[in-house]
Amino acid sequence: MASLESADRSRLRGFAEDYGLILVAAFFFALAIAGVVLFVFGDEEFAQRLIDDYGLPALLPIFVLEGAMLLYFAPSEALVPGAIEFLATEPSGYEWATIALIMVVATVGATLGQVSLFLLAKRGGREWLLQKPWFRIEESKLDRFDRWFDRWGKWAVLASNALLFTRGMLTVPAGVAEMDVREFAALSAVGTVVFEAWLAVAYHYAVSLGLLNFF
């Protein structure tokens, strides 16, 4: 029995080594096509309309694109506040169960996207990514975040994912450094939860204080 299990694991490992990069690249290619289509035909209002019309099912692929750094047509900071506005706000107040679902969908989608990019960086390499037209991070900026990862290690993934302007930027350095994928996914997810939570809180107080009335 043990030998059969060992043989199954060996075949699975062999399949992953032979075809893993192809599968990841195919998934990423599909995301890239979706990103290009949305970039050409979409804008922030389009994203909000998708969320309003299709709810959580539309939010998931949008966040996968956000995590994979292919969300060219709308700022990632607007996604959860927009989803709360359209899906979880009633005249009587917030629907907290819906907000919880939004957070789960956002975290799962963004983590799937980041893990896809992480695996692509791990298998394809840094230089391969820099040659791709859909990879829009400049080499000088990537160098800076390489140094972040060299200095702070895996915890920089969590910290950078929770902040504006640095979110997702440690994905490629972590992949190139061959960080454990399970650790990366866990730290990526925690960082996303923190990021989306403080955005939701900021949106609540901006609405409560009437700050959005100036826009």
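Quick caveat, the model's predicted, so the values are computed rather than measured.

1. Comments concerning the packing of aromatic side chains
Working step 1: Counted according to the given criterion, the structure contains four aromatic pairs.
Working step 2: Judged by centre distance (4.4 Å) and plane angle (15°), the ring pair of Phe118 and Phe184 falls under stacked. On the criterion of sequence distance, the pair formed by Phe118 in helix α5 (residues 96–124) and Phe184 in helix α10 (residues 181–208) is long-range, its members being 66 residues apart. With respect to burial, Phe118 and Phe184 carry one shared label: buried.
Working step 3: Seen in terms of ring centroids, Phe195 and Trp198 are 5.8 Å apart; in terms of plane orientation they differ by 85°. Their pairing is edge-to-face. Here Phe195 pairs with Trp198, and both are found in helix α10, just three residues apart, close to one helical turn.

2. Topic: the side chain of Asp146
Working step 1: One can find Asp146 in helix α7 (residues 139–152).
Working step 2: Beyond its immediate stretch of four places on either side in the chain, Asp146 contacts Arg126 and Pro173.

3. Quick word on unusual backbone geometry
Working step 1: Phi at Met69 takes a positive value of approximately 60°, unusual for a residue other than glycine.
Working step 2: Its location among the elements puts Met69 in the loop between α3 (56–67) and α4 (79–87).
Working step 3: Residue Met69 is classed as partly exposed on the basis of its relative accessible area, which comes to 25%.
Working step 4: Here Phe165, not a glycine, exhibits a phi torsion of approximately 70°, which is positive.
Working step 5: Within the secondary structure layout, Phe165 lies in the loop between α8 (155–161) and α9 (171–176).
Working step 6: On the accessibility criterion, Phe165 (74% relative accessible area) is exposed.

4. Quick look at the packing of α4 against α10
Working step 1: The interhelical angle for the contact between α4 and α10, taken along N-to-C directions, is 55°, at an axis separation of 9 Å. When the axis of α4 is compared with that of α10, the two are oblique. Where α4 crosses over α10, the handedness of that crossing is right-handed. Contact residues: Val80, Pro81, Ile84 and Glu85 in α4; Glu196, Leu199, Ala200 and Tyr203 in α10.

So, how was this worked out
- Residues numbered from 1 in each chain as written.
- Predicted model: local features only at pLDDT ≥ 70, side-chain atom pairs only at ≥ 80, totals over all residues.
- Heavy atoms only, no water.
- Phe/Tyr/Trp six-rings, centres within 6.5 Å; stacked < 30°, edge-to-face > 60°.
- Helix = DSSP H or I, 4+ residues; strand = E, 2+ residues; numbered from the N terminus.
- Buried < 20%, exposed > 50% of the residue type's maximum accessible area, 1.4 Å probe, protein only.
- Contact = heavy atoms within 4.5 Å.
- Axes fitted to C-alpha atoms, helices over the stretch in contact; angles between N-to-C directions.
- Parallel < 35°, antiparallel > 145°, perpendicular 65-115°, else oblique.
- Left-handed = near helix turned anticlockwise from the far one by under 90°.

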